[in-house]
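Chain and residue survey
For reference, the chains in residue letters:
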Amino acid sequence: SIINSEIDYNTLDGIFIGSTYGNRIANNEISGNTNAGISMSSSHDIDVTGNFINGNNGEGIYLNGAYSNSVTGNSIVNNTNAGIYISGGGANAITGNTISDNGNIASALAQIELLSTTIGNTITGNVISKTAATNAILAISVQSNSTANIITGNNYGGAGARSIADFATSST
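Let us look at the structure shown here. These numbers come from a predicted model, not from an experiment. (Residues numbered from 1 in each chain as written. Predicted model: local features only at pLDDT ≥ 70, side-chain atom pairs only at ≥ 80, totals over all residues. Heavy atoms only, no water.)

**A look at the overall build of the protein**
Counting its secondary structure elements, the protein contains zero helices and 21 strands. Taken along the three principal axes of its C-alpha coordinates, the protein extends 35 × 30 × 25 Å. A burial count over the protein gives 48% of its 172 residues as buried. Counted over contacts in the protein with a minimum sequence separation of 6, partners at least 24 positions apart contribute 53%. Surface exposure of the protein reaches about 6,900 Å², of which carbon and sulfur atoms provide 50%. (Helix = DSSP H or I, 4+ residues; strand = E, 2+ residues; numbered from the N terminus. Buried < 20%, exposed > 50% of the residue type's maximum accessible area, 1.4 Å probe, protein only. Contact = heavy atoms within 4.5 Å. Areas by Shrake-Rupley, 256 points an atom, 1.4 Å probe, with all protein chains shown as cover.)

Shown next as structure tokens:
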């Protein structure tokens with residue numbers, strides 16, 4: 001577990017969790033890292049809660065092939081790519097986060113991005129905003145071949161977080 005730490009200006013990810021389970025990342029300040037603030041690969045049952053994730057040069061939180069993780073009550077702001085980026089994996093709960101002003105590069109689509117092959121994620125109760133109408137202009141983007149994702153009860157607004165784009169055929 002990583003708790004109550006300041007994790008700043010690393011040359012890769014602020015925190016990288018790979019092929020593990022049952023850990024907790026809580027109440028940390030994670031900023032200015034070269035890649036993602038938090039990156040989890042092939043990991044499950046990780047509790048990510050109460051972190052301030054700011055100004056990283058990649059995603060705020062990147063889940064790659066990760067499943068059954070809880071991302072709750074984090075403040076994810078001003079990261080270069082998406083605030084939360086999920087690629088593969090599933091059954092992750094993204095709940096009660098404040099996600100704003102991420103995606104400041106042309107390739108960023110949204111504050112929260114679900115890439116293809118994500119299955120059964122729940123995205124609920126998040127406050128999503130972007131003050132400028134440049135890059136990452138969507139609140140949430142769901143790409144093709146994503147299935148059974150549940151997106152409900154999120155608040156989004158601002159010039160750059162206007163809508164949800166669902167490019168998948170079976171998310172709800």
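Resuming the write-up.
**Points about the pairing of strand S6 (residues 38–41)**
Burial along S6 is two-sided: Ile38 and Met40 and Ser39 and Ser41, pointing in opposite directions, are all buried. Across four bridges, S6 lies against strand S9 (residues 61–64) in parallel orientation. Residue Ser39 lies in a different strand from S9, and its bridge partner there is Tyr62. (Pairing = 2+ DSSP bridges.)

**A short note on the sheet that holds S6**
Ordered by their spatial adjacency, seven strands build an open sheet running S3-S6-S9-S12-S15-S18-S21, and the pairing between neighbours is parallel. Edge positions in the sheet fall to strand S3 (15–18) and strand S21 (164–166), since each of these pairs with one other strand and no more. Recorded for the sheet is a direction-independent mean angle of 10 degrees between the axes of neighbouring strands. (Axes fitted to C-alpha atoms, helices over the stretch in contact; angles between N-to-C directions.)

**Quick look at unusual backbone geometry**
Note on backbone geometry: most residues besides glycine have negative phi, and most peptide bonds are trans. Even without a glycine there, the phi angle at Asp45 is positive, about 55 degrees. By the element assignment, Asp45 lies in the loop between S6 and strand S7 (47–49).

**Topic: the pattern of salt bridges**
Counting across every chain of the model gives one salt bridge. The partner of Asp47 in a salt bridge is Arg24, and the shortest N-O contact between them spans 3.3 Å. One end of the pair, Asp47, is in strand S7; the other, Arg24, is in strand S4 (residues 24–26), with 23 residues separating them in the sequence. (Salt bridge = Lys/Arg side-chain N within 4 Å of Asp/Glu carboxyl O.)

**Some points on the environment of Asn28**
Within the secondary structure, Asn28 sits in the loop between S4 and strand S5 (29–31). Classification of Asn28 as buried rests on a relative accessible area of 2%. Separated by 119 residues in the primary sequence, Asn28 and Thr147 have C-alpha atoms spaced 32 Å apart. Non-local contacts of Asn28, meaning those with residues more than four positions away in its chain, are made with Ile2, Ile3, Asn4, Ser5, Gly50, Asn51 and Phe52.

**Digging into the sheet that holds strand S10 (residues 70–72)**
Ordered in space as S1-S4-S7-S10-S13-S16-S19, the seven strands form an open sheet in which the pairing is parallel. At either end of the open sheet lies a strand with only one pairing partner, and these are strand S1 (2–3) and strand S19 (150–152). Strand direction decides the pairing type here: S10 and strand S13 (residues 93–95), joined by three bridges, are parallel. Residue pairing in the sheet places Val71 in a bridge with Ile94 of S13.

**Here's the deal with the environment of Glu29**
Positionally, Glu29 belongs in strand S5. According to the relative accessible area criterion, Glu29 is partly exposed, its value standing at 33%. For the pair formed by Glu29 and Ile53, sequence separation is 24 residues and the distance between their alpha carbons is 6.1 Å. Apart from the residues within four sequence positions on either side, Glu29 is in contact with Ser5, Glu6, Ile7, Asp8 and Phe52.

By themselves, these observations are geometric and do not establish any function.
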